[in-house]
Amino acid sequence: MTTYTTIAEDTRPLHHPKTWVGKYVWSQDHKVIAIQYSLTAVGVGLVALVLSGLMRLQLAFPGAIPFITPEAYYQFVTMHGMIMVIYLLTALLLGGFGNYMIPLMIGARDMVFPFVNMLSYWVYLLSVIVLLASFFVPGGPTGAGWTLYPPQAITDGTPGAGWGIITMLASLAIFIVAFTMGGLNYATTVLQARTKGMTLMRMPCTVWGIFVATILGLLAFPALFVAAIMMMLDNTIGTSFFMPSIISMGEPLSHSGGSPILFQHLFWFFGHPEVYIVALPAFGIVSDIISTHSRKNIFGYRMMVWAIIIIGVLSFIVWAHHMYVSGMNPYFGYFFATSTLIIAVPTAIKVYNWVLTLWQGDIHLRVPLLFAIGFIFTFIHGGLTGLFLGNVSVDVPLSDTYFVVGHFHMVMGVSPILVIFGAIYHWYPKITGRMWNNVLGQLHFWITFIGVYIIYLPMHYLGLLGVPRRYYEMGETDFVPASVQWANEIITIAALTVGAAQIIFFYNLISSYFRGEKADPNPWGATSLEWQTPDTPPTHGNWGPTLPTVHRWAYDYSVPGAAQDFIPQNVPQGEPGADGDKM
Amino acid sequence: MSNSPVTHTDHTAAPHSLESLVSDWSTDQEVFKKVQWGKAMMWIFLLSDTFIFSCFLTAYMTVRASTVVAWPNPSEVFALTLFGESIPLILIAIMTFVLISSSGTMAMAVNFAYRRNRKATGLLMLATAALGAMFVGMQAFEWTKLIQEGVRPWGNPWGAPQFGASFFMITGFHGFHVTCGVIYLTTIAIRVLNGVYERNGKYEVVEIAGLYWHFVDLVWVFIFAFFYLW
Ligand code: HEM
Ligand SMILES: [Cu+2]
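Computed from a predicted structure; not experimentally measured.

Residue and element names in this part refer to chain A. Taken together, 23 residues sit near ligand 1, with Y73, H80, W146, H409 and R470 positioned nearest. Here Y73 contributes a side-chain N or O atom positioned 2.6 Å from an oxygen atom of ligand 1. At a separation of 2.7 Å, an oxygen atom of ligand 1 approaches a polar backbone atom of W146. Those elements that place two or more of their residues in the shell around ligand 1 are α2 (30–60), α3 (70–106) and α12 (402–432). Ranked by residue count, the leading element in the shell around ligand 1 is α3, at 7 residues. Here the residues of the shell around ligand 1 sort into 14 nonpolar, 6 polar and 3 charged.

Set out below in structure tokens:
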């Protein structure tokens, strides 16, 4: 039998690509792949942002822009929602941050299977191309809403019912293949490739959040994959999985006997965990940002980790809270309302712990922390409205109103986005070796943070009035007072302002990349391993000849008696300057 | 120090509680000790794939339970007339037998791989792949027969249209897995025979391929039970 070496002990030299193309295009380096993922995700995210601007213009000034027809509005809603949730947030948090941070934070040289990791990106790019292609196919992209509910998603009369929905489903299936290839890498790397001393319970929360989110993805995307295949078959070769007997435009269709509710179950079995696929990495990242910038250990580390795990598990048994009005067996409502409310407990624990971490901390109110605190606000806000919607009797009248739009934008739109901004500011110095401009960063934060409140707070009120979501215009409707129009105008002005303010952000990133001040390798005095690399930005292989050894958890901030107010994870216990820890 | 989590390398008591399970898992470097990463990765992939097949089967059961038209009787639909007699499920029985046997040859191949017996490993893997190919061949025959009898994804002569839809979709997806497996096993077998793994010491590749193959067999057992026997 051959002797067994763990990955961390493997000292064989890495294969270093020599050509520019090998280094930056067909790269197998997790950091390059991460950047590729992030840039693609942001690029396609900007498309979604433009679409939201167009929708808002229509809502505030109905009919003012001639090319926004009712059909186009539906298509914008659908593409905006799908791109934001899947192609931007999922790809950016897991493909981007997951790829960049996992190996660095656990002290590995790369992902365990770099080749497949590279393929993951290229397949993701293909899915994005197929998705964007749907803007150019006959009939345009699908207008079925991001939930793609059949029968309407594939019956004539829905915009994009032909090619639009086909390209959408194909793109989703391709995306899932890409995600699986990446996800297998992230999960296996966390499990099997940690450096010496890096026990699971010493990993930074960021890694925990990304890890559990990856597992959720690997178990939840299958349901979407299956649903996509079945709907594709219904649409192309005339099976009837989801299609009941139905009369469409005066003609009976050839389908019969299928179950539209089945699709909803499959979709939401994926869809709810998906919320946590974007939330858990954000939870993890925000914990690390808060702890680092308030110079305190994260409050209740173990509790934080277990809360992530428990939320992950519970997220698989709450899906039907999206289906209270679907016509499913009403008794299910009891179960799903209960499980939904239970999930609020670990979530609330996390919020308390973030606040308690800040409590009496040595707070450095830098831009990353501003965004993290902004996240706490928006997340509490979105979480509380979630409690409303989790209860059947409250949800029924609020279903499909702007209250729901306000809720989910707060909780899974704005909150993860704020964390992503914070994370980019936080890690930018490590990734580029340069500092961003502080004034522009502050400006970006305040406009964005105040802006999103002006956008989404009124939406809750509109929802309470009964304004329905996914409506092209309200027209003359008795229960809608004239003031709704006024609110819509304010929302739109704020939305366009916030959208435009992102130019500040991009300008800051790009100009700092070329002209920013040289950054210190560890400007925030952070403890986790990614800040302890020998080079900034980290080079191929991350660690030079030897891997770091981990001696402590990631949260030794302001340890009494220590020389500095932080002790990096790779400083041995009892070292001079360290804390004399006797463990 | 109280704020560093305890490491558990100095455990003296025998592990017996939930807590020690947790600490075992969270110890140094690797969760699955002495498990090559490829194997861990294959297990995780199979877990994910299990969810895909579960969704397919659950969806099939849902449409079967909710359709208002009668479901065709599998014992009649899947009967073959041999020597003038109609024998129910005979083809499926043979297919199942072939596939299960291939798991046997795969297990033997893994065993020989442990003993570094290059030739026996390679040949047994090729035998496994051949049995797999046979299975796919018989499946093609079954599809052809059903199509000739008028079964289509959108309808069939005997009852609920979902019958053909689920049948072609699920057996097709499984058959796709078997086909991939045949290609995968053949590739690895050739590499084994060429001595690639002798040189780079990564013989566990055989075992990883074996995991995949056993999984595909196991899935078939469920499809068999839920589709043909129900
Ligand atoms: C400036 C930022 C954003 C603005 C102004 C905006 C605006 C809108 C508007 C106007 C709608 C359509 C509402 C309706 O007619 O029913 C919508 C829907 C939606 N948005 Fe956003 N959004 C923004 C960011 C995001 C983000 C970051 C996400 C990520 C989760 C997101 C996810 C969704 C989803 C899932 C829908 C539902 C689509 C559907 O009904 O099918 N949005 N958004
Ligand atoms: Cu949900």
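Having seen it, we continue.
Note on backbone geometry: most residues besides glycine have negative phi, and most peptide bonds are trans. All names here are of chain A. In this structure, P151 follows P150 across a cis peptide bond, with omega equal to -5 degrees. Counting through the fold element by element, P151 comes out in the loop between α4 (114–133) and α5 (163–192). In the segment running from T536 into P537, the intervening peptide bond is cis, with an omega of -10 degrees. Take P537: it is sitting in the segment after α14 (483–515). Phi at N542 is positive, roughly 65 degrees, even though this residue is not glycine. Mapped onto the elements of the fold, N542 is located in the segment after α14.

All names here are of chain A. The biggest cluster of nonpolar side chains holds 258 residues, and the ones touching the most others in it are Y87, Y124 and W354. With 24 residues, α3 is the largest single contributor of residues to this core. Built from parts of two domains, this core gets at least three residues from each of domain 1 (25–198) and domain 2 (523–583).

Residue and element names in this part refer to chain A. Summed over the entire model, instances satisfying the criterion amount to 3 cavities of 30 Å³ or more. Roughly 80 Å³ of internal volume is contained in the largest cavity. Contributing elements (two or more residues each) for the lining of the largest cavity: α7 (260–293) and α12. Residues belonging to the lining of the largest cavity are distributed by class as follows: 8 nonpolar, 4 polar and 2 charged.

Residues and elements named next belong to chain B. Pairing between strand β1 (residues 79–82) and strand β2 (residues 85–88): 4 bridges, direction antiparallel. Bridge pairing links L80 to I87 in β2. The antiparallel pairing of β1 with β2 creates a hairpin that spans 2 residues between the two strands, and F83 there sits at a positive phi of about 50 degrees.

Bringing the coordination of the iron atom of ligand 1 into the picture now. Residue and element names in this part refer to chain A. Surrounding the iron atom of ligand 1 are the protein donor atoms H80 (NE2) and H409 (NE2), which sit 1.9 to 2.0 Å from the metal. With 6 donor atoms in place around the iron atom of ligand 1 and angles of 87 to 179 degrees between them, the coordination shape is octahedral. Taken together, the residues span a long stretch of sequence, with H80 in helix α3 and H409 in helix α12 at a distance of 329 residues. A relative accessible area of 16% places H409 in the buried class.

Looking now at the coordination of the copper ion (ligand 2). Residue and element names in this part refer to chain A. Every protein donor of the copper ion (ligand 2) is accounted for by H272 (ND1), H321 (NE2) and H322 (NE2), and the metal-donor separations fall at 1.7 to 2.0 Å. Positions of the donor residues of the copper ion (ligand 2) along the chain correspond to the pattern H-x48-H-H. Taking relative accessible area as the criterion, H322 reaches 29% and is therefore assigned partly exposed.

To continue, consider the packing of α7 of chain A against helix α8 (residues 301–314) of chain A. Residues and elements named next belong to chain A. At their nearest, the axes of α7 and α8 sit 11 Å apart, and the two run at 175 degrees to each other. Here α8 runs roughly antiparallel to α7, going by the angle between their axes. Residue-level contacts link Y276, L280, F283 and S287 of α7 to M304, I308, I311 and G312 of α8. For the contact of α7 with α8, a count of residues per class yields 6 nonpolar, 2 polar and no charged.

With that settled, the discussion passes to the packing of α4 of chain A against α5 of chain A. Residue and element names in this part refer to chain A. Look at α4 against α5: their axes get within 8 Å of each other, and the N-to-C directions meet at 165 degrees. Classified by the interaxial angle, the pair formed by α4 and α5 is roughly antiparallel. In this structure, the crossing between α4 and α5 has a hand that is left-handed. Side by side, α4 and α5 meet where V116, N117, L119, S120, V123, Y124, L126, S127, V130 and L131 of the first sit next to T167, M168, A170, S171, I174, F175, V177, A178, M181, G182, N185 and Y186 of the second.

Here we take up the layout of surface pockets. Of the volumes computed, that of the second largest pocket is approximately 760 Å³. Along its surface, the second largest pocket is lined by 28 residues, and L191, F211, I215 and I309 of chain A together with W25 of chain B are the ones closest to its centre. Of all the secondary structure elements, the ones that give two or more residues to the lining of the second largest pocket are α6 (205–236) and α8 of chain A together with α1 (18–25) and α2 (37–66) of chain B. Partitioning the lining of the second largest pocket into residue classes produces 24 nonpolar, 3 polar and 1 charged.

What follows covers the environment of N73 of chain B. Residues and elements named next belong to chain B. Inspection of the secondary structure puts N73 in the loop between α2 and α3 (74–77). N73 sits in the partly exposed class, given a relative accessible area of 36%. Spatially, the C-alpha atoms of N73 and F227 are 11 Å apart, while their sequence positions differ by 154 residues. At 3.0 Å, the side chain of N73 and the backbone nitrogen of S75 are in polar contact.

All names here are of chain A. With respect to the secondary-structure elements, D288 resides in helix α7. Nearest to the buried, unbridged D288 among oppositely charged side chains is K350, at 9.6 Å. Side-chain polar atoms of D288 contact the side chain of Y555, separated by 2.2 Å. Apart from residues no more than four positions distant in its own chain, D288 is found in contact with M105, P204, C205, T206 and Y555.

Here we come to the confidence of the model for chain B. When pLDDT is averaged along chain B, the result is 88; 93% of the residues meet or exceed 70. In this model residues 1–13 of chain B is a low-confidence stretch, pLDDT under 50, and it forms 19 contacts with partners more than four residues away in sequence or in other chains.

This part covers the interface of chain A and chain B. On the chain B side, the residues contacting the 55 residues of chain A number 45 residues. Surface buried jointly by chain A and chain B totals about 4500 Å² across both partners, of which 69% is contributed by carbon and sulfur atoms. When contributions to the side of chain A that touches chain B are tallied by element, the ones reaching two or more residues are α5, α6, α7 and α8 of chain A. At 9 residues, α6 of chain A tops the list of elements feeding residues into the side of chain A that touches chain B.

Parameters and conventions
Residues numbered from 1 in each chain as written. Chains lettered and ligands numbered in written order. Predicted model: local features only at pLDDT ≥ 70, side-chain atom pairs only at ≥ 80, totals over all residues. Heavy atoms only, no water. Near = heavy atom within 4 Å. Polar contact = N/O pair within 3.5 Å; in protein donor to acceptor, adjacent residues only side chain to side chain. Helix = DSSP H or I, 4+ residues; strand = E, 2+ residues; numbered from the N terminus. Nonpolar A, V, L, I, M, F, W, Y, C, P; charged D, E, K, R; others polar. Core = buried A, V, L, I, M, F, W, Y, C linked by side-chain atoms within 4.5 Å. Buried < 20%, exposed > 50% of the residue type's maximum accessible area, 1.4 Å probe, protein only. Domains from an automatic or database assignment. 1 Å grid on protein atoms, 1.4 Å probe; cavity = no way out; pocket = protein on both sides within 12 Å on 5 of 7 lines; lining within 4 Å. Points joined across faces, edges and corners; volume = space filled by probe spheres on them. Pairing = 2+ DSSP bridges. Donors = N, O, S within 2.8 Å, 3.2 Å for Na, K, Ca; no water. Tetrahedral: all angles 85-135°; square planar, octahedral: opposite > 155°, others 65-115°. Axes fitted to C-alpha atoms, helices over the stretch in contact; angles between N-to-C directions. Parallel < 35°, antiparallel > 145°, perpendicular 65-115°, else oblique. Contact = heavy atoms within 4.5 Å. Left-handed = near helix turned anticlockwise from the far one by under 90°. Lys, Arg positive; Asp, Glu negative; His and termini not counted. Salt bridge = Lys/Arg side-chain N within 4 Å of Asp/Glu carboxyl O. pLDDT = per-residue confidence, 0-100. Buried area = accessible area lost by both parts, 1.4 Å probe.

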